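Examining the three-dimensional arrangement
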Amino acid sequence: MAFGTRNQERSAKLITTSKLINKIAVRSQIPRDTVRHVLGVLSFEIVDQLSEGMIISLANLGEFRPVYHPSRNLTNSKGEKKATTPTHRIQFRAYPQAKKVMLAKTNASSK
(Lines give C-alpha, C1' and ligand atoms only; values in the text may rest on other atoms or scores of the structure.)
Protein backbone atom coordinates (compact mmCIF):
# COMPACT_ATOMS: atom_id res chain seq x y z
CA MET A 1 0.00 0.00 0.00
CA ALA A 2 1.41 3.37 -0.99
CA PHE A 3 2.12 6.00 1.63
CA GLY A 4 -1.01 8.04 2.39
CA THR A 5 -3.35 5.72 0.48
CA ARG A 6 -5.37 4.83 3.57
CA ASN A 7 -5.95 8.52 4.39
CA GLN A 8 -6.97 9.20 0.80
CA GLU A 9 -9.44 6.31 0.89
CA ARG A 10 -10.82 7.51 4.21
CA SER A 11 -11.28 11.09 3.03
CA ALA A 12 -13.00 9.85 -0.14
CA LYS A 13 -15.54 7.98 2.03
CA LEU A 14 -15.88 10.63 4.74
CA ILE A 15 -19.18 12.51 4.95
CA THR A 16 -18.88 15.74 6.88
CA THR A 17 -21.46 17.02 9.35
CA SER A 18 -22.41 19.74 6.87
CA LYS A 19 -23.05 17.22 4.08
CA LEU A 20 -25.02 14.99 6.44
CA ILE A 21 -27.14 17.95 7.54
CA ASN A 22 -27.88 18.78 3.88
CA LYS A 23 -28.87 15.19 3.08
CA ILE A 24 -31.15 14.93 6.12
CA ALA A 25 -32.74 18.33 5.39
CA VAL A 26 -33.51 17.37 1.79
CA ARG A 27 -34.81 13.90 2.64
CA SER A 28 -36.95 15.04 5.59
CA GLN A 29 -37.91 18.48 4.23
CA ILE A 30 -36.90 20.00 7.56
CA PRO A 31 -34.97 23.31 7.54
CA ARG A 32 -31.17 22.93 7.66
CA ASP A 33 -30.90 25.06 10.82
CA THR A 34 -33.32 22.77 12.64
CA VAL A 35 -31.43 19.65 11.53
CA ARG A 36 -28.11 21.25 12.58
CA HIS A 37 -29.54 22.11 16.00
CA VAL A 38 -31.00 18.63 16.57
CA LEU A 39 -27.74 16.89 15.57
CA GLY A 40 -25.80 19.16 17.91
CA VAL A 41 -28.10 18.42 20.82
CA LEU A 42 -28.18 14.71 19.94
CA SER A 43 -24.39 14.36 20.00
CA PHE A 44 -24.18 16.26 23.31
CA GLU A 45 -26.92 14.11 24.84
CA ILE A 46 -25.34 10.83 23.65
CA VAL A 47 -21.98 11.76 25.19
CA ASP A 48 -23.67 12.96 28.39
CA GLN A 49 -25.66 9.74 28.80
CA LEU A 50 -22.65 7.54 27.98
CA SER A 51 -20.60 9.37 30.61
CA GLU A 52 -23.25 8.34 33.14
CA GLY A 53 -22.94 4.68 32.10
CA MET A 54 -26.16 4.55 30.08
CA ILE A 55 -26.65 2.54 26.86
CA ILE A 56 -28.21 4.54 24.02
CA SER A 57 -30.42 2.64 21.59
CA LEU A 58 -31.40 4.33 18.32
CA ALA A 59 -34.25 2.59 16.50
CA ASN A 60 -33.26 0.81 13.28
CA LEU A 61 -29.62 1.84 13.73
CA GLY A 62 -27.92 0.36 16.78
CA GLU A 63 -26.61 0.89 20.29
CA PHE A 64 -23.89 3.07 21.74
CA ARG A 65 -22.49 1.71 24.99
CA PRO A 66 -19.68 2.77 27.32
CA VAL A 67 -16.90 0.22 27.76
CA TYR A 68 -14.34 0.41 30.54
CA HIS A 69 -10.94 -1.22 30.07
CA PRO A 70 -9.17 -1.52 33.44
CA SER A 71 -5.43 -1.22 33.91
CA ARG A 72 -3.47 -4.34 32.99
CA ASN A 73 0.00 -5.44 34.04
CA LEU A 74 2.15 -6.39 31.04
CA THR A 75 5.70 -7.58 30.61
CA ASN A 76 7.60 -6.31 27.57
CA SER A 77 10.22 -8.26 25.60
CA LYS A 78 12.97 -6.99 27.94
CA GLY A 79 11.18 -8.46 30.95
CA GLU A 80 10.15 -5.03 32.26
CA LYS A 81 6.77 -4.84 33.91
CA LYS A 82 4.51 -2.04 32.73
CA ALA A 83 0.96 -1.14 33.68
CA THR A 84 -1.46 0.14 31.06
CA THR A 85 -3.66 3.09 31.92
CA PRO A 86 -7.38 2.41 32.30
CA THR A 87 -9.48 3.71 29.40
CA HIS A 88 -13.10 4.48 28.63
CA ARG A 89 -14.27 3.78 25.09
CA ILE A 90 -17.50 3.95 23.16
CA GLN A 91 -18.70 0.80 21.41
CA PHE A 92 -21.29 0.85 18.63
CA ARG A 93 -23.23 -2.25 17.66
CA ALA A 94 -25.39 -2.01 14.56
CA TYR A 95 -28.82 -3.63 14.63
CA PRO A 96 -29.52 -6.42 12.11
CA GLN A 97 -31.81 -4.13 10.06
CA ALA A 98 -28.99 -1.60 9.59
CA LYS A 99 -26.55 -4.36 8.63
CA LYS A 100 -29.00 -5.71 6.02
CA VAL A 101 -29.36 -2.27 4.41
CA MET A 102 -25.58 -1.78 4.37
CA LEU A 103 -25.03 -5.22 2.80
CA ALA A 104 -27.73 -4.67 0.20
CA LYS A 105 -26.23 -1.32 -0.82
CA THR A 106 -22.71 -2.74 -0.89
CA ASN A 107 -23.77 -5.70 -3.03
CA ALA A 108 -25.75 -3.47 -5.41
CA SER A 109 -22.80 -1.08 -5.93
CA SER A 110 -20.34 -3.95 -6.59
CA LYS A 111 -22.41 -5.29 -9.50
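Overview of the structure. (Residues numbered from 1 in each chain as written. Predicted model: local features only at pLDDT ≥ 70, side-chain atom pairs only at ≥ 80, totals over all residues. Heavy atoms only, no water.)

A few words now on the pairing of strand E2 (residues 62-69). Across 3 bridges, the pairing between strand E1 (residues 56-58) and E2 is antiparallel. For Ile-56, the partnering residue across the bridge sits in E2 and is Phe-64. Between E1 and E2, which pair antiparallel one after the other, the connecting turn spans 3 residues, and Asn-60 there sits at a positive phi close to 65°. Strand direction decides the pairing type here: E2 and strand E5 (residues 87-94), joined by 8 bridges, are antiparallel. When the bridges of E5 are listed, Gly-62 appears paired with Ala-94. (Pairing = 2+ DSSP bridges. Helix = DSSP H or I, 4+ residues; strand = E, 2+ residues; numbered from the N terminus.)

Turning next to the environment of Ser-109. Relative to the elements of secondary structure, Ser-109 occurs in helix H4 (residues 96-109). When the C-alpha atoms of Ser-109 and Lys-13 are compared, they prove to be 14 Å apart, with 96 residues separating the residues in sequence.

Here H4 contains 14 residues, and its C-alpha end-to-end distance of 20 Å stays within 8% of the 20 Å for a straight helix at 1.5 Å per residue. When you tally the buried positions in H4, you get 1 out of 14 residues, a small fraction of the element. (Expected span 1.5 Å × (residues − 1). Buried < 20%, exposed > 50% of the residue type's maximum accessible area, 1.4 Å probe, protein only.)

A few words on the pattern of salt bridges. Opposite charge on two side chains allows them to pair when their charged atoms are near. Tallied over the full model, the rule gives 2 salt bridges. Salt-bridge contacts for Arg-36 lead to Asp-33; the nearest nitrogen and oxygen are separated by 2.7 Å. Here Arg-36 and its partner Asp-33 are both found in helix H3 (residues 32-51), 3 residues apart, which amounts to about one turn of the helix. A salt bridge links Arg-65 to Glu-63; its shortest N-O distance comes to 2.5 Å. (Salt bridge = Lys/Arg side-chain N within 4 Å of Asp/Glu carboxyl O.)

This part is about the packing of aromatic side chains. Applying the stated rule across the entire model yields 1 aromatic pair. Residues Phe-64 and Phe-92 carry aromatic rings whose centres are separated by 4.9 Å and whose planes lie at 50° to one another, so their mutual orientation is tilted. Highlighted residues: Phe-64 in strand E2 and Phe-92 in strand E5, separated in sequence by 28 residues. A relative accessible area of 38% means that Phe-92 is categorised as partly exposed. (Phe/Tyr/Trp six-rings, centres within 6.5 Å; stacked < 30°, edge-to-face > 60°.)

A word on the side chain of Glu-63. One can find Glu-63 in strand E2. A polar contact of 2.5 Å, which involves the side chain of Glu-63, links it to the side chain of Arg-65. Setting aside chain neighbours within four positions, we find Glu-63 in contact with Ile-55, Ile-56, Ser-57, Gln-91, Phe-92, Arg-93 and Tyr-95. (Polar contact = N/O pair within 3.5 Å; in protein donor to acceptor, adjacent residues only side chain to side chain. Contact = heavy atoms within 4.5 Å.)

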